[in-house]
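The primary structure of each chain is shown beneath.
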Amino acid sequence: AKRLQKKKGKIKMTEAQILAKTYQDNLTVKRKQHTVAKSGESVFKEVLIYENIPCALSQSGGSTPEKDGNKRTADRSMTIFASPEIIMKDMDSITVETSAGQVFRGHSGRTFAYANSHGETAFKIETIA
């Protein structure tokens, strides 16, 4: 998917290459994995899966503040677009730094990958810096 195809002397870009030009943001993914501590105790440890991967963060709609008890909340769901080989799982810890310098942290849903094109992953934002 990453190679250029020649057609009648012209270079033709693949869909994945065209979409990759829109990836102006950076993605870091951490995942909790089961491990056994030196004490023999079964624990979950957060492991770095991807770091500084080009992506595009897309806002599907605005969020409206709601009152939850005595505090106001504004949950926001977005979509992460990345190369199809970047696969996130439910509840991976996500950090996306946009080209504008904003930093979003939260958790992912499961990636749906389109072969030779891109992957789309739901992203629930919990903090914005």
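Higher on the page you've got the structure.
Summary of the structure given here. Just so it is clear, the structure is predicted and the values come from calculations on it, not from any experiment.

### Quick look at the overall build of the protein
Then, in step 1: Along the protein, the regular secondary structure elements total 1 helix and 11 strands.
Then, in step 2: Ordered by position in the sequence, the α and β elements of the protein form the string β-β-α-β-β-β-β-β-β-β-β-β.
Then, in step 3: Expressed as a percentage of its 129 residues, the buried residues of the protein come to 29%.
Then, in step 4: In the protein, the share of contacts with a sequence separation of at least 24, taken over all contacts with a separation of at least 6, comes to 47%.
Then, in step 5: Carbon and sulfur atoms make up 49% of the accessible area of the protein, which amounts to about 8900 Å² in all.

### Considerations on the side chain of T28
Then, in step 1: Considering the arrangement of structural elements, one finds T28 in strand β3 (residues 25-36).
Then, in step 2: Polar contacts involving the side chain of T28 include one to the main-chain amide nitrogen of N52, which spans 3.5 Å.
Then, in step 3: T28 has contacts with L48, Y50, E51, N52, S93, I94 and T95, leaving out every residue within four places of it along the chain.

### Quick notes on unusual backbone geometry
Then, in step 1: Of note, N52 is a non-glycine position whose phi angle comes to about 50 degrees, a positive value.
Then, in step 2: Note on placement: N52 falls in strand β4 (residues 42-59).
Then, in step 3: Here the phi dihedral of M91 falls at roughly 70 degrees; this positive angle occurs in a residue that is not glycine.
Then, in step 4: Locating M91 in the fold gives a position in the loop between β7 (76-82) and β8 (93-97).
Then, in step 5: On the accessibility criterion, M91 (58% relative accessible area) is exposed.

### Some thoughts on the packing of aromatic side chains
Then, in step 1: For the structure on display, the rule yields 1 aromatic pair.
Then, in step 2: Taking 4.9 Å as the distance between ring centres and 75 degrees as the angle between the ring planes, the aromatic pair formed by F112 and Y114 counts as edge-to-face.

### Focus: the nonpolar core
Then, in step 1: Membership of the largest hydrophobic core comes to 16 residues, with the highest contact counts inside it found for L27, I80, I94, V96 and F123.
Then, in step 2: The set of elements that each furnish at least two residues to this core consists of β3, β4, β7, β8 and β11 (118-128).
Then, in step 3: For this core, the leading source of residues is β4, giving 4 residues.
Then, in step 4: Those residues in contact with I80 that sit more than four places away from it in its chain are L27, C55, A56, L57, M88, I94, V96, G119, E120, T121 and F123.

### Quick word on the pattern of salt bridges
Here the idea is simple: oppositely charged side chains can pair when their charged atoms come close.
Then, in step 1: Counting across every chain of the model gives 2 salt bridges.
Then, in step 2: A salt bridge links R110 to D90, with the nearest nitrogen and oxygen atoms 4.0 Å apart. In this pair, R110 sits in the loop between β9 (103-108) and β10 (112-114) while D90 sits in the loop between β7 and β8, placing the two residues 20 residues apart along the sequence.
Then, in step 3: Assessed through its relative accessible area of 46%, D90 is described here as partly exposed.

### Focus on the environment of E46
Then, in step 1: Within the secondary structure, E46 sits in strand β4.
Then, in step 2: Counting along the chain gives 11 residues from E46 to T35, while the straight-line C-alpha distance between them is 10.0 Å.
Then, in step 3: A distance of 3.1 Å separates a polar atom in the side chain of E46 from a polar atom in the side chain of S93.

### Structural notes on the environment of Q17
Then, in step 1: The residue Q17 is located in helix α1 (residues 15-20) in this model.
Then, in step 2: Overall, Q17 belongs to the buried group, its relative accessible area being 15%.
Then, in step 3: For the pair Q17 and S117, spaced 100 residues apart in the sequence, the C-alpha separation amounts to 8.1 Å.

Conventions used here
Each residue is numbered by its place in its chain's sequence as written, counting from 1. Where local features are concerned, this predicted model is filtered to residues with pLDDT of at least 70; where side-chain atom pairs are given and counted, the filter is 80 or more; whole-chain, interface and lining totals use all residues. Only hydrogens and water are removed before side-chain values are computed, so all heavy atoms of the structure are retained for them. Only runs of H or I of at least four residues qualify as helices and only runs of E of at least two qualify as strands under DSSP, and these elements are numbered from the N terminus. Only protein chains enter the area calculation, which uses a 1.4 Å probe; residues under 20% of their type maximum are buried, those over 50% are exposed, and those in between are partly exposed. We call two residues contacting when some pair of their heavy atoms lies within 4.5 Å. In these tables, accessible area is a Shrake-Rupley quantity obtained with a 1.4 Å probe, and a residue counts as shielded only by the protein chains included in the view. N or O atoms closer than or at 3.5 Å make up a polar contact, with two conditions inside protein: a donor-capable atom paired with an acceptor-capable one, and, for residues adjacent in sequence, both atoms drawn from side chains. For Phe, Tyr and Trp, where Trp contributes only its six-membered ring, two rings pair if their centres lie within 6.5 Å, and the inter-plane angle classes them as stacked under 30 degrees, edge-to-face over 60, or tilted in between. Take the buried residues of types Ala, Val, Leu, Ile, Met, Phe, Trp, Tyr and Cys, join any two whose side-chain atoms come within 4.5 Å, and each joined set is a nonpolar core. Definition used for salt bridges: Asp or Glu carboxyl oxygen within 4 Å of a side-chain nitrogen of Lys or Arg.

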